[in-house]
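Commentary on secondary and tertiary structure
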Amino acid sequence: MTTPPTINSIDDPRRYRPEPCVLTALRSPRLLTREVLAGLVVGLALIPEAIAFSIIAGVDPKVGLFSAFIMAISIAFLGGRPAMISAATGAVALVIAPVARTYGMDFFIATVMLAGVFQILLAVSGVAKLMRFIPRSVMVGFVNALSILVFSAQLPHVIGVPWLVYPLVALGIVVMVLLPKITKVVPAPLVAIVLITAITVLFAIDVPTVRDQGELPRSLPQLFIPDVPLTWDTFATIAPYSLAMALVGLMESLMTAKLVDEITDTHSNKTRESWGQGVANMISGLFGGMGGCAMIGQTMINVKASGARTRISTFMAGAFLLILVVVLGDVVGIIPMAALVAIMMIVSIDTFDWHSIRPSTLMVLPKSETFVMIATVVVVVLTGNLAIGVVVGVFIASVLFVRRVAHFVTVDRVVTEVGAHYSVTGELFFASSNDLTTQFLYSHDPDRIVIDMSGSHIWDASSVAALDAIVTKYEHLGKRVELFGMNQYTEAIHARLSGGLGG
C-alpha cells in the first residue's frame, strides 16, 4: 500500500493539485463524459444570464455573450480554482454601466481592460491573502444572500407569464430533485432542459424562450481596440470605475473559490485566480467583451448539480456557449426559460446554508456571529451587491471582535512591604489600553511600584502611550515605577516609542 505524500507547507505546489486532474479525466471516459456534459449545461445556463447582464450594462447582448465565452475559455487555463465558472456578471455590470451610458463603447472597453490591469497589480501585491480575514459568519452570510439573489432573479420569469409555465417549472424541479437519486451518469439539469424543450416543441406550447431574452450573435468575436485618447484625463475618467470593477470582481471570485474549496474539500491558488481574472478581463476587452468575474450560480450548477471537478468543464462551458449562440442559435432560441428557471431555483435552494438558521444552531452560536451573518445578508439583498455586503460584514465582525477582546485585559494588584506589584495580563492595543490607566491606584500606592508585563503583549503605539501616562502620573507623585517581564517584541516597540509620543 502506497503512503500518500506529505504536504509540509501551504506553499507546496502539491497543495493546489486538483483531484481528479485534467489528465485523469481525459483517461477516464466516465469522468470525461461528466465534465463535458456539465460544460454543456453551464453553457446553456450562461446564455440568458449574459444577455440580461448586457442589458444592465447598457450594451448590446452580444457583448455579454462574447464576454462569457472569452472569460470561461481564458480562466479555464489561467484560473487558480478548477471547475469554477467565470463570465459576465451582474455585479460587474452594475459598476461599469455608467461608463457605457455617459462616455460610449470605446471608453467602456477601455474601462474593462484597465480593470484587468488593476487586478493583476492587486494579485502581485498579495490581495488574495486577505481572504484569511473573512470570518465564517460573513462567508455564510455571503452564501445565503447569494442564494436569495439567485432565487429572486428567477421571479420575473414566473410572474405575469402564461399558466403553462408553472407546470413546466414544476416538472423541471421534480427532475432536478429525483434524477440524481436514481442516476448521476447524465446531469439532471441537462435532462430537465431537453425534456421541457421537447414537450414545448412537440405540443406547440407557447411560453417565453431564450430567444425572447435578446438577439443571439451570428459571427465570432473580433479584435476591438478602443479608440480613446491616451491621456491623463482619460485615465482619471475611467480609473474609478475600473478600480471598483477590479475590487468587486476579485472579491466575488475569491469568495466563490473559497466556497468551491469547501464543497470539493480541495485547495485553490487564490493568487493565481486573482491575476488570472485580470488577464481574462483584458482578453475579454480586446475582443469587445464586458469582462466579468466568477459566477456563483453557474459554478454551483457545474460543481454541485453536475458534479464537475476539473478545468475541462470550464473550458467546455465556454466552447459550448460559442457553438450554441453562433452555430446553433436557432435551436438554443427555442429552449423555454421555464427549464432554466427550474435549474436556478434548485441551485439556489441547495446553495443556501439551511443549517445556519436552524434554532439549534442559533442557540449555540454567539449572538455576535449570528448578527454578522444576518447583517451581511441584509446588506447584500438591499444593495444587490455582494462586495458591499462582504465589506460591511467584515467591518461589523471586526468591530465586535475588538470590543470583545478589549475586555480580556486584567490588572491584578498586590501590596507588600517592598511596594505595590501590578500584573498586567492580556493583549494591549488601542481598544484595550484605553482603560488601562484607570486600573492603578496612584495616590494609595507606596513609593515603589513594580508592573509585571510577562502576561501581556503590546501591539501598538496606543498601548505604549498608556504605559507612559501611568509612569508619568506616578513620577508626578514622587514615586518610582519599574517595568519588567516584557517579551522581545513588546520590549522593542516600547523602547522605540516610549517618551516620543507626547502628552
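For the structure, see preceding data.
Position numbers for residues start from 1 in each chain and track the written sequence from start to end. Reporting of local features is limited, given that this is a predicted model, to residues whose pLDDT is at least 70; pairs of side-chain atoms are given and counted only at 80 or more, and all residues count toward the totals for whole chains, interfaces and linings. To get the side-chain values, all heavy atoms of the structure are used, and hydrogens and water are removed first.

This next bit is on the pattern of salt bridges. Charged atoms that come close allow side chains of opposite charge to pair. The rule for a salt bridge is simple: a side-chain nitrogen of Lys or Arg has to be within 4 Å of a carboxyl oxygen of Asp or Glu. Under the definition given, this model contains five salt bridges. Residue aspartate 261 is joined to lysine 270 by a salt bridge in which the shortest nitrogen-to-oxygen separation is 2.6 Å. For the pair shown, aspartate 261 and lysine 270 are each scored as buried. Close ionic contact of arginine 448 with glutamate 482 constitutes a salt bridge, the shortest N to O distance being 2.9 Å. Residue arginine 448 is found in strand 5 (residues 448-458), and its partner glutamate 482 is found in strand 6 (residues 480-484); the two are separated by 34 residues along the sequence. Think of it in three bands: residues with accessible area under 20% of the maximum for their type are buried, residues over 50% are exposed, and the middle band is partly exposed, with areas taken using a 1.4 Å probe on protein chains only. We classify arginine 448 as partly exposed; its relative accessible area is 25%. Salt bridges linked by common partners bring Arg81, Asp261 and Lys270 together as one network. By the criteria applied, helices consist of DSSP H or I runs no shorter than four residues and strands consist of E runs no shorter than two, each listed in order from the N terminus.

This part is about unusual backbone geometry. In this structure, alanine 83 is a non-glycine residue whose phi angle is positive, near 75 degrees. Non-glycine residue aspartate 265 carries a positive phi angle of around 55 degrees. By the secondary structure assignment, aspartate 265 is in the loop between helix 9 (232-264) and helix 10 (270-286). Look at aspartate 265 and you get exposed, because its relative accessible area is 69%.

So, on to the packing of aromatic side chains. One pair of aromatic rings is described through two measures. These are the centre distance and the angle between the planes. When the centres of two rings from Phe, Tyr and Trp lie within 6.5 Å, Trp using its six-membered ring, the rings pair. Their planes under 30 degrees apart give stacked, over 60 give edge-to-face, and anything left gives tilted. Tallying each qualifying case throughout the model produces 10 aromatic pairs. Consider the rings of phenylalanine 352 and tryptophan 354, whose centres lie 4.5 Å apart with planes at 45 degrees: the pair is tilted. For phenylalanine 352, a relative accessible area of 14% puts it in the buried group. On the basis of relative accessible area, tryptophan 354 is assigned to the partly exposed category, the value being 45%.

On to the packing of helix 6 (residues 136-154) against helix 9. Orientation is described by axes fitted as lines to C-alpha atoms, over the contacting stretch for helices, and by angles from 0 to 180 degrees between their N-to-C directions. Two numbers describe how helix 6 lies on helix 9: the axes approach to 11 Å, and their chain directions differ by 95 degrees. In terms of orientation, helix 6 lies roughly perpendicular with respect to helix 9. The segment helix 6 lies against helix 9, with Met139, Phe142 and Val143 engaging Met255, Thr256, Lys258, Leu259 and Glu262. Residues are sorted three ways: Asp, Glu, Lys and Arg are charged, Ala, Val, Leu, Ile, Met, Phe, Trp, Tyr, Cys and Pro are nonpolar, and all the rest, Gly among them, are polar. Among the residues forming the contact of helix 6 with helix 9, the class breakdown is five nonpolar, one polar and two charged. Here roughly perpendicular refers to angles of 65 to 115 degrees, roughly parallel to angles under 35, roughly antiparallel to angles over 145, and oblique to all remaining angles. Only heavy atoms enter the contact rule, under which two residues are in contact if any of them lie within 4.5 Å.

Here we take up the packing of helix 2 (residues 29-57) against helix 14 (residues 337-351). Put simply, helix 2 and helix 14 touch, their axes get as near as 11 Å, and they point 105 degrees apart. Between helix 2 and helix 14, the interaxial angle falls into the category roughly perpendicular. Between helix 2, through Leu44, Ala45, Pro48 and Glu49, and helix 14, the contact on the second element is made entirely by Met337, Leu340 and Met344.

Further remarks concern the nonpolar core. Among buried residues, those of type Ala, Val, Leu, Ile, Met, Phe, Trp, Tyr and Cys that are joined through side-chain atoms within 4.5 Å constitute a nonpolar core. Core analysis: the largest hydrophobic core is formed by 121 residues, its most contacted members being Ile47 and Phe108. Tallying contributions element by element places helix 2 first for this core, with 13 residues. If sequence neighbours within four positions are ignored, phenylalanine 108 has contacts with Ala57, Val59, Val63, Ile96, Val99, Ala100 and Met290. Counting 20 residues, the second largest nonpolar core, distinct from the first, contains Tyr422, Tyr442, Ile451 and Ile493.

On to the sheet that holds strand 4 (residues 420-428), then. Consider a sheet: its strands pair through backbone hydrogen bonds, and that pairing is either parallel or antiparallel. Pairing between strands is defined by DSSP: at least two bridges between the two strands are required. Spatially, the four strands line up as an open sheet ordered 3-4-5-6, and their pairing is mixed. Where the open sheet ends on each side, the last strands, each with one partner, are strand 3 (410-415) and strand 6. Averaged over all pairs of adjacent strands, the angle between their axes in this sheet comes to 20 degrees, without regard to strand direction. Taken together, the eight bridges between strand 4 and strand 5 define a ladder with parallel strand orientation. Paired with glycine 426 across the bridge in strand 5 is serine 456. Here helix 18 (residues 461-476) sits on the sheet in contact with strand 4, strand 5 and strand 6, set at roughly 175 degrees to strand 5.

The pairing of strand 3 with strand 4 spans six bridges and is antiparallel. Looking at the pairing, valine 414 lines up with histidine 421 of strand 4. Count of turn residues in the strand 3/strand 4 antiparallel hairpin: four residues.

Judged by side-chain polarity, Phe151, Leu155, Ile159, Ile349, Trp354 and Ile357 come together as a nonpolar surface patch covering roughly 540 Å² of accessible area. For tryptophan 354, the location among the structural elements is in the loop between helix 14 and helix 15 (359-364). The patch calculation keeps residues exceeding 30% relative accessible area without a salt bridge and links them within 9 Å when they carry like charges or within 5 Å when they are nonpolar (Val, Leu, Ile, Met, Phe, Trp, Tyr). Reported accessibility uses the Shrake-Rupley method at a 1.4 Å probe radius. Residues are deemed covered only where the shown protein chains occlude them.

On to helix 19 (residues 488-497), then. Structural remark: α-helix, 3.6 residues per turn; residues separated by three or four positions point the same way. Thr490, Ile493 and His494 are the residues of helix 19 that are buried. Axial view of helix 19: buried residues confined to an arc of 100 degrees, hence all on one face. Away from the buried face of helix 19 by more than 90 degrees, exposed residues Gln488, Ala495 and Arg496 are located. Buried positions along helix 19 lie against strand 5, helix 18 and strand 6. Structurally, the start of helix 19 carries an N-cap: the backbone nitrogen of tyrosine 489 is 3.3 Å from a side-chain oxygen of asparagine 487. Arc definition: directions from the helix axis to the C-beta atoms. Residues adjacent in sequence count toward polar contacts only when both atoms are side-chain atoms; beyond that, a polar contact is any pair of N or O atoms within 3.5 Å, and within protein one must be able to donate a hydrogen and the other to accept it.

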